[in-house]
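# Observations on chain architecture
Here's the letter readout for the chains.
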Amino acid sequence: MRMWAVTVCTLVLAAGTLHAQETDLELGKGFFLARCAVCHGPDGNSVQGVDLGRGKFRRALSDDDMVQIIKTGIPNTAMPPIDISTRKAKYIVAYLRSMASSPATSGQGNTVRGKAVFEGKGGCLSCHRVKDKGSRVGPDLTDVGAIRRSFELERSLLEPNAEVLLENRFVRVVTGDGVAITGRLLNHDAFTVQLIDSKERLLSFQKSSLKEFAFLDESQMPSYRGKLSPEELADLISYLVSLKGIETQ
Amino acid sequence: MNTRGLGLVLLASFLWPLISWGQVSFDRILRADQEPQNWLTYSGTTLSHRHSLLNQINAANVKNLELQWIYQARSLEKFEATALVVDGVMYTVQAPNDVIALDAATGRVFWIFSHAPEPWTKPCCGHVNRGLAILGDTLFMATIDAHLIAIDAKNGRPLWDTTVADAKSGYALTLAPLVVKDKVIVGTAGGDYGIRGFIAAYDVHTGKEVWRFYTIPEPGGSSWGGDSWQEGGGPVWITGSYDPALNLSYWGTGNPSPDYDGDSRPGDNLYTDSVVALDPDTGKLKWYYQFTPHDEFDWDSTQVPVLADLEWPENDGHQKLRKVILWANRNGLFYVLDRTTGQFLLGKPFVKVNWTNGIDEQGRPMRVPGKIPSSEGTLIYPGNRGGTSWYSPSYSPRTGLFYVSTWDSYSSVFFKFPVKPGEDPRGGHRSLIPDDRLLPQHFRKDEEGYGAVRAIDPKTGETKWEFKMADVTDAGILTTASDLLFSGGRDGYFFALDARNGALLWKVAVGGVLASGPMTYAVRGKQYVAVAAGNCLFTFALR
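Since we're looking at a predicted model, the values are computed, not measured.

### A short note on the overall build of chain B
Helices and strands together make up the secondary structure of chain B, namely two helices and 38 strands. With respect to the three principal axes, the spread of C-alpha positions in chain B is 65 × 55 × 50 Å. Counting only residues that meet the buried cut, chain B has 57% of its 543 residues in that class. Sequence-distant contacts in chain B: of pairs separated by 6 or more residues, those separated by 24 or more amount to 60%.

Next up, the structure:
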């Protein structure tokens, strides 16, 4: 954890305006663990749809918004008001911003060259999509730089099986007439399953009509270890980090 | 029930409005099972079986159930209330605290009483309400800002409003009150905010407090270190039960505070995570049994106490009818207790458990060393939300089985961080399963936690059958005299099972999470089944 603490001293924190000192972040971490982690978890990702450590919030936009939500809660949700000073709430926000901007180990790359790797040598578009280009079978990466930290992107590229998010799991089904279909799981319940297959079809099956329904243990993502040079890897990560979603018109 | 029995029930359903319209006497509440066209208290009867003698809907025709009406709540909070039905009128609560009277046959609204909670309320887990109590022509609602309000059941006007506790201090009321004789009894939520929990009884006519029982005794005794008892938690947020023969009222108590770091509160932390048997006239404690001494996992024992009479082996080997409590606890163990004395009779895991090696002869869990929160995190089965929680179970005297909604193979990693003297305790938990399902999608494998309706033989603790779901469940369970079982889950289905073997007989996708207990009633000879899911109340009957 020292890594982020040292680095962020000079960072303008992503998507926010607070400039944090190391001591601020230590304090923020302490307050976060004491007051927030009970529900949000130590990594800030225990509440579904919210990933505080990766800058993924359902409501907050600015640092001030986040401070306000910490202090007043969100009506009609499980998020209660926290009895804490504005100063301490700002420390928490600074800590959360620092978590989201932790760097990769492969250093700074070139975004333009990274895009070329993504669309060329890397072959990423065969599974992934960015805005209007690429396949929809794998996770859409249009905003991956806003929801994943660079060291996590690096890990996904080198060790795809190290962490597969729940929403990125693949399943294999065999229909009643023996057709095997592999696709990314979109949802399943006691009776049905929904997925998107390699032809980008949205499919839904009754489980009782299937001969087989199974999760695929291995990630469908290939490892790029040894396939890309360190420079290409750094460039690719820089490009991915730059993907922050669609621009508001 | 035989055909004659069915005829009597339906005849009563036709005639009851003519012969008893109006006052709901306590005698009627005590004999609520004898007028199954009505639902007069949270769990159906004060014995809390959530079992109805109605049998018009049965295994042969349940496939013909169809939607009758929907009430769409003007609220985005979870709809956790179980409705009451009295002589064709349904009373329920739209979260947080709007009481609604509806025509139980059509869903059309007679009146609404709205209570606007104070803005500073801070319930841990949503601005929810689980229902009402009724006596005479008066409804009773406990509110999220810790008030108890009496409301005229005919016109929805408030009759009295009593402040039960200070909401600014973390107190909240979410449970359906329980009427016993001329008193209405409630408990206080807020165990995650360092309250000192209590159960209190109020005069039904005036709203004046008659007695108060603190779930943490003053000054805490040997089970609390130092002054930790003062903010020790012990909330009560699920309705209790009442045995008129013993004149005892039973309540489940919640977690000690702080939740995940017990270092500041050494000892067993009585009477948290316990069942307490109280004299409803005085509030005096008759006995208690603690399920999870010194809890550091937030395993509230806020389950509905199910009171049953079972043949039980005596020391001489002979079977004798025994008054017992059936209790599937959040800690993952199913218990049978003697409800006259509190004597421990049976304790057995009903889901995957790794924190205890069982229960010793004194009824105390035999803890597994090292299975406590730690700074690096400790994997515990069941997880923070438990093997079950507040979801209403059911007991069918016909099948002799106890039915419970379970979370199996579910775990959490519990943390406890070192603190310096004078600092607040710090701890938490992490789980793959979110506290509240916010997305209508499910991606997990069975081995990461799944929900199931389980039928448990209370004489052995053995699971007789299970109905497995993909996702976990927050739904209660209803059984009927036609051996039907109604429940659902986060999958968004409401379904009927054969209570004898768990076979699926009917299902409907209602789309929202079921976080309430189903109930049934009849109007003009027609049986209905109602359940809240998502933000709506759905009502079904035979086509």
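We are not done yet, so read on.
### A look at the pairing of strand S27 (residues 401-408) of chain B
Residues and elements named next belong to chain B. Burial analysis of S27 places eight of its eight residues in the buried class, which makes it a mostly covered element. Because side chains alternate across S27, one face comprises the buried residues Leu-401, Tyr-403, Ser-405 and Trp-407, and the other comprises Phe-402, Val-404, Thr-406 and Asp-408, equally buried. Turn length for the strand S26 (residues 394-396)-S27 hairpin, with the two strands adjacent in sequence and antiparallel, is four residues, and the turn residue Gly-400 shows positive phi of about 70°.

### Quick look at the environment of B:Trp237
All names here are of chain B. By the element assignment, Trp-237 lies in the loop between strand S14 (209-214) and strand S15 (241-243). For the pair Trp-237 and Gly-252, spaced 15 residues apart in the sequence, the C-alpha separation amounts to 8.3 Å. Contact partners of Trp-237, with chain neighbours within four places excluded, come to Thr-174, Leu-175, Gly-187, Ala-189, Gly-254 and Thr-302.

### Remarks on the sheet that holds S15(B)
Residue and element names in this part refer to chain B. On the basis of which strands lie adjacent, the open sheet formed by four strands has the order S15-S16-S17-S18 and antiparallel pairing. Lying at the two open borders of the sheet, with one neighbouring strand each, are S15 and strand S18 (285-290). Across the sheet, the axes of successive neighbouring strands diverge by a mean angle of 20°, strand direction being ignored. Pairing geometry for strand S17 (residues 274-278) and S18, over five bridges, is antiparallel. Pairing of Val-276 across the sheet is with Tyr-288, part of S18.

### Looking at the sheet that holds strand S22 (residues 344-349) of chain B
All names here are of chain B. Strand order in the open sheet formed by four strands is S19-S20-S21-S22, with antiparallel pairing between adjacent strands. Looking at which strands have only one partner, the edges of the open sheet turn out to be strand S19 (306-313) and S22. Neighbour to neighbour, the strand axes of the sheet diverge by 30° on average, direction disregarded. As defined by bridge partners, strand S21 (residues 333-338) adjoins S22 across five bridges and the pair is classed as antiparallel. Bridge pairing in S22 places Val-336 opposite Leu-346.

### Let's talk about the interface of chain A and chain B
Counting residues at the interface gives 26 residues for chain A and 31 residues for chain B. At five residues, helix H2 (residues 22-40) of chain A tops the list of elements feeding residues into the side of chain A that touches chain B. Of the residues in the side of chain A that touches chain B, the class split is 15 nonpolar, eight polar and three charged.

### Brief notes about the pairing of strand S4 (residues 180-188) of chain A
All names here are of chain A. Sheet topology places strand S3 (residues 170-174) next to S4; five bridges connect them, and they run antiparallel. Looking across to S4, one finds that Val-174 is bridged to Ala-180. The loop that links S3 with its antiparallel partner S4 comprises five residues; one of these, Gly-178, has a positive phi angle of about 90°. As paired strands, S4 and strand S5 (residues 192-197) are joined by five bridges and run antiparallel to one another. Residue pairing across strands places Asn-187 opposite Gln-194, the latter belonging to S5.

### Points about the domain arrangement of chain A
All names here are of chain A. Under the domain assignment used here, chain A contains domain 1 (2-100), domain 2 (111-164 + 221-242) and domain 3 (166-215). Placing the centre of domain 2 and that of domain 3 at their C-alpha centroids yields a distance of 26 Å. Here the residues of the side of domain 2 that touches domain 3 sort into three nonpolar, one polar and one charged.

### Considerations on the confidence of the model for chain A
A low pLDDT score tells you not to read the predicted coordinates there in detail. Taken residue by residue, chain A gives an average pLDDT of 82. The fraction at 70 or more is 81%. Note on residues 1-19 of chain A: pLDDT is under 50 here. Beyond four places in sequence and across chains, it has 35 contacts.

### Concerning the nonpolar core
B:Ala83, B:Tyr91, B:Leu132 and B:Ile134 are the most contacted members of the largest nonpolar core, which has 162 residues in total. Broken down by element, this core gets its largest block of residues, six residues, from strand S37 (residues 526-533) of chain B. Apart from the residues lying within four places of it in its own chain, the contact partners of B:Leu132 are B:Leu84, B:Tyr91, B:Val93, B:Val99, B:Leu139, B:Phe140, B:Met141 and B:Ala176. Counting 21 residues, the second largest nonpolar core, distinct from the first, contains A:Cys36, A:Val67, A:Ile70 and A:Met99.

### Points about the packing of helix H5 (residues 111-119) of chain A against helix H8 (residues 230-242) of chain A
Residue and element names in this part refer to chain A. The N-to-C vectors of H5 and H8 enclose an angle of 100°; their axes lie 7 Å apart at closest approach. By the angle between their axes, H5 is roughly perpendicular relative to H8. Here Thr-111, Arg-113, Gly-114, Lys-115, Val-117 and Phe-118 of H5 lie close against H8, whose contacting residues are Glu-232, Asp-235, Leu-236, Ser-238, Tyr-239 and Ser-242.

### Digging into helix H3 (residues 63-72) of chain A
Residue and element names in this part refer to chain A. When we look at burial in H3, the residues that qualify are Met-66, Val-67 and Ile-70. The arc enclosing the buried residues of H3, seen along the axis, measures out at 100°, which places them on a common side. Gly-73 sits one or two positions beyond H3 and adopts a positive phi of about 75°.

### Considering the environment of B:Leu379
All names here are of chain B. Summarising the element assignment, Leu-379 is placed in strand S25 (residues 378-380). Along the primary structure Leu-379 and Gln-319 are separated by 60 residues, whereas in three dimensions their C-alpha atoms are 41 Å apart. Once residues within four sequence positions are removed from consideration, Leu-379 is found in contact with Ser-411 and Val-413.

### What to know about H5(A)
All names here are of chain A. Looking only at H5, the buried set comprises Gly-114, Val-117 and Phe-118. Across the axial projection of H5, the buried residues extend over an arc of 100°, all falling on one side. Check the buried side of H5 and you find it contacts H8.

Conventions and cut-offs
- Residues numbered from 1 in each chain as written.
- Chains lettered and ligands numbered in written order.
- Predicted model: local features only at pLDDT ≥ 70, side-chain atom pairs only at ≥ 80, totals over all residues.
- Helix = DSSP H or I, 4+ residues; strand = E, 2+ residues; numbered from the N terminus.
- Buried ≥ 20, exposed ≤ 12 C-beta atoms within 10 Å, placed from the backbone.
- Contact = placed C-beta atoms within 7 Å.
- Pairing = 2+ DSSP bridges.
- Axes fitted to C-alpha atoms, helices over the stretch in contact; angles between N-to-C directions.
- Nonpolar A, V, L, I, M, F, W, Y, C, P; charged D, E, K, R; others polar.
- Domains from an automatic or database assignment.
- pLDDT = per-residue confidence, 0-100.
- Core = buried A, V, L, I, M, F, W, Y, C linked by C-beta atoms within 7 Å.
- Parallel < 35°, antiparallel > 145°, perpendicular 65-115°, else oblique.
- Arc of directions from axis to C-beta.

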